[in-house]
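Architecture at a glance
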Amino acid sequence: MLMWERENSHRRQWMKKAGVALLALCLMTPLMMTAAWGDSVTDEQYEQQEQTKQEQTKQEQTKQEQQTKREQRLLAIQTGSSKATVNGESLGIAKPVIHQGAVMVPLGVFKQAFGSEIRLEGNNRIRILQGPHNIVLVMDSKTAWIDGQKVELPVAPTMISDTLMVPLRQVASGMGAKLSASGSGAYTVSLNVVVKEQPDPSGMEGPGSSRIGNSYYTWSINYPSWMMIIQGASDESASYFTDPTGRYYLELHALDQTVPLNVEDLLEIVISDVKESRETILHREAVSSASVAYARAVTRDMDGLLWETRAYYANDRVYMLYFSDANAEHYTDMNSHAAFLNSFRPSFPAVDPHVKDLSSVVDGLMDVGNDEYGVYLSVPADWNMNDEEMMYFKQKEGILAVTVTSVPKGARSGITSWVDEIKKWYAESFVEDAYKMTGQSPIEISGVEGQLLELQYNSGNGWIYTYQILIEHNGYRYHIEYAYPERIEDGAGLWEKMLDSIDIDYDRVPDQFGDLGEDNTLVDKTKMSTKSSSAYRYHIDIPLYWTPISDRFEQSDIQYSFMGGNFEIMARWNSPADRIIQEMKRYYTEANASNSKLKLLSVENITFAGASAVSFTTHQEKDGVGFTTREIVFENNGITYMIVAELNDANATKEQTDVIERTLASFGLTK
């Protein structure tokens, strides 16, 4: 059994708030993976992706234009002036400047003048969508993509006086606009636009304007002219928005909640949430008279920024909204945004072409992946997702994970050697009747041939089916594993769908990484590493293939896990061993008589590390899984030690038991 700790995106993380940890148990697989996230741009792969997106954008635009009208808009600007006009109406903007010989304008002016959709993707890419046109800019880089084609800009987009400035001529041209200069730094940008909304002067439209939302998580909200989309959570449960000036910020989360909540429950959630962030509550209320009941609180954070937090309950979910206005000074100032926030609905009108859908879910699958490793695929939308570690799962239903490591040097390189190592790993990790290899066949992923292994294993509570793809290319190994319990009827069908979606850019890893190390789980089980604790006065040899859960030897209890097993060391000052031993004897005697699934096999007085000790050996069964536990308790120089070794019956191979005995024998006391 393995336990993984997961990170779950939390409120206002884009601004600066801390995340919360989510602990997830997955009861089925011996998967072994590690990865990292990045925002770098690889030209060839990115250009291909942009061309695909461009075709999708054109198809979507053609469909929308059949139901909308067009109008010409004229944007007039002047370098050095904060005043602009759109069809004669005044517009306040950051001053355009001449930078490295090019006219630079604030990015947000295109949203304000033409309704362009602006998205921040990752940490350094900006996507501008205007009708059928798709522009991707990279912060502080002259490389850009216009309608899927790579281009070189005369000057890189960059921050000037706290405003993101972009080259006017190239962006306007990429949007399909006409640019004309009338002398003395005056420019006019002309563009025919599809009319989707009529923004009110405040930029905070009320009901009836264009909307944005997520069809999978079932919500929508008005789409005002200031709104710029920031890349949200990898599972799309959270969406982030800001405006080009940084004045407004909106964060929206959809959280599973199967137990119904009333408006007072929602208010309690809001109050608890803002208190956790150590904010000052200026106003709170439960609003039951609205079309959708909600709770709200207006707060001031530690930096003096005002926030409005709202909570709604519908569709077996809690929807949390966090909105801030950097210009707000008094809590009543947030009331000016009521029309916008009140436009939120826990529903999505799928037939309305004016509602922008942020969901990428198709046929129940969501696109995921890791740009830095060049690995892309689709997984069920209701799974837990961690693109950073390339780990995707739903408890007790299935798990898919990807690992990228370096090819071992020498005789161990090559697919054949790798397949043999995995077969050996199963043979050493499972007793003979607890696993079986059911298939091996060649497979091709993104033009590179590899091997597909099909295996099954059983820890005592049912068979687990697993598929493993092994690919070795350019000095690196790509290991893709999927596992599901036999009770999942369409597990094999889901695998076929996910398999069809896998795409790997094999040039990405060599371009980004050097030596990634080998897969630790496949190292020789005889290899050990010596650990010591001066605080608790001991040393011990730990197998390299064990996974540390807690290994701060000077500060806390020690815990390692391995396939079907667990190893712990607990040390306490001034806790008499005799008392602990007597309590354990009493507990096991009573449990042995009353619990048919727990058997006390032995209690022995032994010498351990030169000290008198008592060893308890038990066998028990939990959830159909049988396992043996050995606990050794002893005291030395005021410190009481308890060492625990646990191993499932299905994994009690000679290799595993020998490793445990070798580890116990290596324990020694120091002065």
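Above: the structure in question.
Residues numbered from 1 in each chain as written. Predicted model: local features only at pLDDT ≥ 70, side-chain atom pairs only at ≥ 80, totals over all residues. Heavy atoms only, no water.

Time to look at the nonpolar core. Inside soluble globular proteins, nonpolar side chains tend to come together where they are buried. By size, the foremost hydrophobic cluster in this structure holds 53 residues, and its most contacted members are L75, F110, F114 and L168. Filtering out sequence-adjacent residues up to four positions away, L168 remains in contact with I77, V103, V105, F110, L179, Y187 and V189. Ranked by size, the runner-up nonpolar core spans 35 residues in total, among them M366, V368, V375 and I443. (Core = buried A, V, L, I, M, F, W, Y, C linked by side-chain atoms within 4.5 Å. Buried < 20%, exposed > 50% of the residue type's maximum accessible area, 1.4 Å probe, protein only. Contact = heavy atoms within 4.5 Å.)

A separate point is the sheet that holds strand β14 (residues 163-167). Across the sheet, which stays open at both edges, the four strands sit in the order β6-β7-β14-β13 with antiparallel pairing between neighbours. At either margin of the open sheet sits one strand with a lone partner, and together these are β6 (97-99) and β13 (158-160). Across this sheet, the average inter-strand angle for adjacent strands is 50°, counted without regard to direction. Strand direction decides the pairing type here: β6 and strand β7 (residues 102-106), joined by three bridges, are antiparallel. Bridged to V97 within β7 is M104. (Pairing = 2+ DSSP bridges. Helix = DSSP H or I, 4+ residues; strand = E, 2+ residues; numbered from the N terminus. Axes fitted to C-alpha atoms, helices over the stretch in contact; angles between N-to-C directions.)

Here we take up the environment of Y187. In this fold, Y187 is placed in strand β16 (residues 186-195). In sequence terms Y187 and R169 are 18 residues apart; their C-alpha atoms lie 9.9 Å from each other.

In this model helix α9 (residues 577-594) runs 26 Å from its N-terminal to its C-terminal C-alpha over 18 residues, within 8% of the 26 Å that 1.5 Å per residue would give. Buried within α9 are the following residues: A577, I581, M584, Y588 and A591. Axial view of α9: buried residues confined to an arc of 105°, hence all on one face. Those residues of α9 that are exposed and angled more than 90 degrees off the buried face are D578, T589, E590, A593 and S594. Elements that come into contact with the buried residues of α9 comprise β42 (598-608), β43 (611-622), β44 (625-636) and β45 (639-648). (Expected span 1.5 Å × (residues − 1). Arc of directions from axis to C-beta.)

Our next topic: unusual backbone geometry. One non-glycine residue, D147, lies in positive phi territory at about 50°. Here D147 lies in the loop between β11 (143-146) and β12 (149-152). For D147, a relative accessible area of 23% translates into the label partly exposed. Here D363, not a glycine, exhibits a phi torsion of approximately 55°, which is positive. Inspection of the secondary structure assignment puts D363 in the loop between β26 (355-357) and β27 (365-370). Residue classification places D363 among the exposed residues on the basis of a relative accessible area of 59%.

Next up on the list: the pairing of strand β5 (residues 89-92). Where strand β4 (residues 83-86) and β5 come together, four bridges link them in antiparallel fashion. Bridge pairing in β5 links V86 to E89. From the end of β4 to the start of β5, which pair antiparallel, there are two residues, and N87 there has a positive phi angle of about 50°.

Any functional reading would require information beyond the geometric quantities listed.
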